[in-house]
Amino acid sequence: MLTDKNKQRIRHWYRTLQEQNPTFVVRPAQTALIAQIAKTIAGDIDKSNRVLLAEAGTGTGKSLAYLLAAIPLARALNKKVVISTATVALQQQLIDSDIPLVHLAAHGEFQFCLAKGRQRYCCAHKLVAAIAPEVGLTPKHLDLVKRMAVALQQGKWDGDRDTWPSQIPWQVWQHVVVDGLSCSAQSARHRSCPFHKARKGLKKADVIVANHSLLLADLHAGSGHILPAAEDCIYILDEAHQFPDIARDASANQLGLQHALKEIDSIRALDKELASLINPSGIASASLRLKEACTELHRCFNKLKDIATLHKEAFDQSGHWRFALAKTPSAITNIASNYHKEANKLTVSLQTFAGLIQESVADNQLKSSQAEGLLSRLSILQHLTESWVDTLYSYANENNQKNYAFWFSRKEKEIMICSSPIEIGGVLQHLLWQDAFSVIAVSATLSALGNFCYYLAQIGLAKLPSEQLIKLPSPFNYQQVTLDVPNNIAEPDQPNFASDIAEYIIKAQQHQGGILVLCNSYRLVDLVAQQLEQHNLENLWIQGQLTNQQVIAKHRASIKQQQTSTILATIGFSEGIDLPGDLLTDLIIARLPFAVPTEPVMASHAELLESRNQNPFMLLTLPSASRKLVQSCGRLMRKESDSGRIVLLDSRLSSRRYGSQLLAALPPYKRSDN
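Please read these numbers as outputs of a predicted model, since none were measured by experiment.

Draft legend 1. The arrangement of the overall build of the protein in detail. A tally of regular secondary structure across the protein gives 23 helices and 18 strands. Expected size for 674 residues packed as a compact globule is a radius of gyration near 26 Å; at 27 Å, the protein falls within 12% of this value. Overall, the C-alpha framework of the protein stretches about 85 × 65 × 55 Å when taken along its three principal axes. For the protein, buried positions account for 53% of its 674 residues. Once local pairs closer than 6 in sequence are excluded, the contacts in the protein between residues at least 24 apart make up 78%. Carbon and sulfur atoms provide 50% of the accessible area of the protein, an area that totals close to 31200 Å².

This is the structure in structure tokens:
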């Protein structure tokens, strides 16, 4: 129950925050969000289901709202606050700005930290070992490693890849990154390594900032493995609209056949090397099992390659061969059934090798530094073989997994064997909803077509009371933005569609400011770019011709010089790109952001719905497009002072019945009279 004491503490922190920050603006939507989050966590709405889905428009102040509501209650209930985000940018904003503001207002009553996966940290011992000549680093990379080692030793660097002042190349990082076997906390010499120091910090923290991938990894491993146990956590899922897709990807499997064959050779080479280093009698039985497994898996992967070669015509233009309704050819399922146990045998053999290496150190057969190098290689191979087990097992059991998509993917000489859950809700129910003390999901775009049905279906919550589903308006005045939906544009599948888009870009160039053109594919970007070539436009920055960072940098520089500048990009620029003020005054959305219907998981999901006599367009395609369209339009107005024009160039908004539904779900922009 939300006690008077807890209410007073929340109000006190909020008032103090206002006093300490004279420019702070109190927003009704923010205070409403604070109240609703607090009631949910306290169990005032439902003690057995402390879940809230909150959509709050840009500018509401979502981060401060959930921090002010959740942290005082977590302290009172003896719980931890775990904030999970989708982007590094939001993580940094929370750690560098938002949480310190609340920390100051709370007079330092809580501790907070940033949680990252082990792959973001270096191993102190590997860092020293990488200086050795046999590692083979170039003089430039060797100099970098030496500087990193000195900085770590002197306490000027914490071993976090992201906090080093410049980007650390993968050619260097692969030699120094922490792994699960050699960098074990069970070894006294590793307990003070950067990764283990960071993990100790997690145990002391009241508020932990993580990302969706790390949270899901912890839940899959059994909560409490990395982060605090789920029953002790108040989870805040920020940027929650991305959570279902990231959760699905975390449960997906893939196996590259060509790469796997190459790595079998690496495993055999390691086996041979160990035979020369470890007592032969101790390693003999594990080595024999490993050799047998490698031989069988080599045969397995070649058989699968042969099947893919025999069915070249089955791959579509995107390079996918999808198995409709999860009905995989019997030749493939038989191979998977016959060989997935061999992959498991190989994984067990590698685990045995790890134990034998550690025993050899204890018996003084191997030096610690030598053993750590071997364990590091083993860790990589073990992770790889575990993915082989998972992929082959999913194909061997495809008859029991109607909620799975199965497909082969071909790119150049590589054949990927892929499988993925279609609907992730059941997995999330098991991993998250049934065990977490409380979950607060917030985003500017949780709803689709004006309701939460699509999102609830995605995350596996069939129904929530209206009090646990809230939509709060943005403080922005959307009448400062003009929405134009021309009706004289060619249909997207007509030949002159790209030229019509180019004409509107040229018209927009007559305005002073920044222009962003969003296309639903690189192919459309290229077609529009070809149409614009003859016009010799200045300050036209095209995604694909430059990196995303270069595109943004060129655009900012042009606007700073008061020149009109245009970015031509894919729909990927609709998230994570911030272009306030004059950096974006004209937003042109070339085509409705419908998902590619041939994408394997999307196509399999549509089939699954049809098999239930449901309409995939209304339940899947249209809601997804609606949410992406809202996100895309949201690029224009990032501050209260922002204004400009949005032009939607897809004539289906006028010619199809669903067009009015998509337009009705947009913010209340000022409609043009055309």
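Draft legend 2. Just the packing of aromatic side chains, in detail. A full pass over the atoms with the stated rule returns 18 aromatic pairs. Centre to centre, the rings of F301 and W388 are 5.2 Å apart; their planes meet at 75 degrees, and the pair counts as edge-to-face. Taken as a pair, F301 in helix α12 (residues 280-310) and W388 in helix α14 (residues 368-396) lie far apart in primary sequence, 87 residues in all. Just as F301 is buried, W388 falls in that class too. Site record: aromatic cluster; members linked through ring pairs are F315, W321, F323, Y395, Y404, F406 and F408. When the ring centre of F437 is taken as reference, the NZ or CZ atom of K79 above it lies at 4.7 Å. Positioned over the ring face of Y504 is K507, at 4.4 Å from the centre of the ring.

Draft legend 3. Expanded view of the pairing of strand β15 (residues 565-570). The element β15 is extensively covered by neighbouring structure, given that 6 of its 6 residues are classed as buried. Burial along β15 is two-sided: S565, I567 and A569 and T566, L568 and T570, pointing in opposite directions, are all buried. Summarising the sheet, strand β13 (residues 514-519) and β15 pair through 6 bridges and their orientation is parallel. Across the sheet, residue I515 finds its bridge partner in β15, namely T566. As paired elements, strand β14 (residues 540-542) and β15 share 3 bridges and run parallel to each other. Its bridge partner lying in β15, W541 is registered against I567.

Draft legend 4. Region of the structure containing helix α4 (residues 88-105). If you check α4, its first and last C-alpha atoms are 25 Å apart, about what 18 residues at 1.5 Å a residue would give, namely 26 Å. Maximal helix bending in α4 amounts to about 45 degrees, located at L94. Residues L90, Q91, L94, I95, D98, I99, V102 and A105 constitute the buried set of α4. Looking at the buried positions of α4, the neighbouring elements they touch are α1 (4-20), α3 (62-77), β2 (80-85), β3 (112-114) and β4 (207-211). H107 sits one or two positions beyond α4 and adopts a positive phi of about 55 degrees.

Draft legend 5. Spatial organisation of the state of the cysteines. Summed over all chains, the structure comprises 0 disulfides. With no disulfide of its own, C294 has C300 as its nearest cysteine by sulfur position, at a separation of 12 Å. As a non-bridged cysteine, C519 has C633 as the owner of its nearest cysteine sulfur, 14 Å distant.

Draft legend 6. The sheet that holds strand β8 (residues 404-411), seen in detail. As summarised here, the arrangement of the 4 strands in space is β6-β9-β8-β7, forming an open sheet in which the pairing is antiparallel. The open sheet has two edge strands, β6 (253-256) and β7 (320-322), and neither has a second partner. Neighbouring strand axes in the sheet, compared pairwise and without regard to direction, differ in orientation by 20 degrees on average. Pairing analysis gives 8 bridges linking β8 to strand β9 (residues 414-421), with the strands arranged antiparallel.

Draft legend 7. The nonpolar core, seen in detail. Membership of the largest hydrophobic core comes to 52 residues, with the highest contact counts inside it found for F301, L304, I357, L378, W388, L392 and F408. Elements with a minimum of two residues in this core: α11 (257-275), α12, α13 (330-362), α14, β8 and β9. Once residues lying within four places of it in the same chain are set aside, the contact partners of F408 are L304, A308, F315, G319, H320, W321, F323, I332, Y395, I415, M416 and I417. With 45 residues, the next largest nonpolar core counts I10, V81, I95 and F110 among its residues.

Draft legend 8. Fine view of the sheet that holds β3. What the 7 strands build is an open sheet, ordered β3-β4-β2-β5-β10-β1-β11; its pairing is parallel. Either end of the sheet is taken by a strand with one partner, and the two such strands are β3 and β11 (469-472). Neighbour-to-neighbour, the strand axes of this sheet turn through a mean angle of 20 degrees, independent of strand direction. Bridge analysis of strand β5 (residues 233-237) against strand β10 (residues 438-443) gives 4 bridges, and the strand direction is parallel. When the sheet's bridge partners are listed, I234 is paired in β10 with S438. Contacts from α3 reach β1 (51-56), β2, β4, β5 and β10 within the one sheet, and its direction differs from that of β2 by about 155 degrees.

Draft legend 9. Here's a closer look at the pattern of salt bridges. By the definition in use, this model includes 23 salt bridges. For the salt bridge of R75 with D206, the shortest nitrogen-to-oxygen distance reads 3.5 Å. Taken together, the residues span a long stretch of sequence, with R75 in helix α3 and D206 in the loop between α8 (194-204) and β4 at a distance of 131 residues. A relative accessible area of 18% means that D206 is categorised as buried. Between R612 and E423 there is a salt bridge, with the nearest N and O atoms lying 2.9 Å from each other. Pair noted here: R612 is in the loop between α20 (600-611) and α21 (616-633) and E423 is in the loop between β9 and α15 (425-433), with a separation of 189 residues, a long-range link.

Draft legend 10. Molecular detail of unusual backbone geometry. Unusually for a residue other than glycine, E412 sits at a positive phi of about 55 degrees. By relative accessible area, which is 76% here, E412 ends up exposed. Despite not being glycine, N536 has its phi angle at roughly 50 degrees, a positive value. Checked against the element boundaries, N536 lands in the loop between α18 (522-533) and β14.

Draft legend 11. Focus on the pairing of β8. Among the 8 residues that make up β8, 6 are buried, leaving the element largely enclosed by the rest of the structure. Relative to β8, β7 runs antiparallel, the two sharing 3 bridges. Each bridged residue has a counterpart across the sheet, and for W321 the counterpart in β8 is F408. Hairpin connection from β8 to β9: 2 residues lie between these consecutive antiparallel strands, with E412 at a positive phi of about 55 degrees.

Criteria and cut-off values
- Residues numbered from 1 in each chain as written.
- Predicted model: local features only at pLDDT ≥ 70, side-chain atom pairs only at ≥ 80, totals over all residues.
- Heavy atoms only, no water.
- Helix = DSSP H or I, 4+ residues; strand = E, 2+ residues; numbered from the N terminus.
- Rg over C-alpha atoms; globule rule 2.2 N^0.38 Å.
- Buried < 20%, exposed > 50% of the residue type's maximum accessible area, 1.4 Å probe, protein only.
- Contact = heavy atoms within 4.5 Å.
- Areas by Shrake-Rupley, 256 points an atom, 1.4 Å probe, with all protein chains shown as cover.
- Phe/Tyr/Trp six-rings, centres within 6.5 Å; stacked < 30°, edge-to-face > 60°.
- Lys NZ or Arg CZ within 6 Å of the ring centre and 35° of its normal.
- Pairing = 2+ DSSP bridges.
- Expected span 1.5 Å × (residues − 1).
- Bend = angle between axes of the 7 residues up to and from the residue.
- Disulfide = S-S within 2.5 Å.
- Axes fitted to C-alpha atoms, helices over the stretch in contact; angles between N-to-C directions.
- Core = buried A, V, L, I, M, F, W, Y, C linked by side-chain atoms within 4.5 Å.
- Salt bridge = Lys/Arg side-chain N within 4 Å of Asp/Glu carboxyl O.

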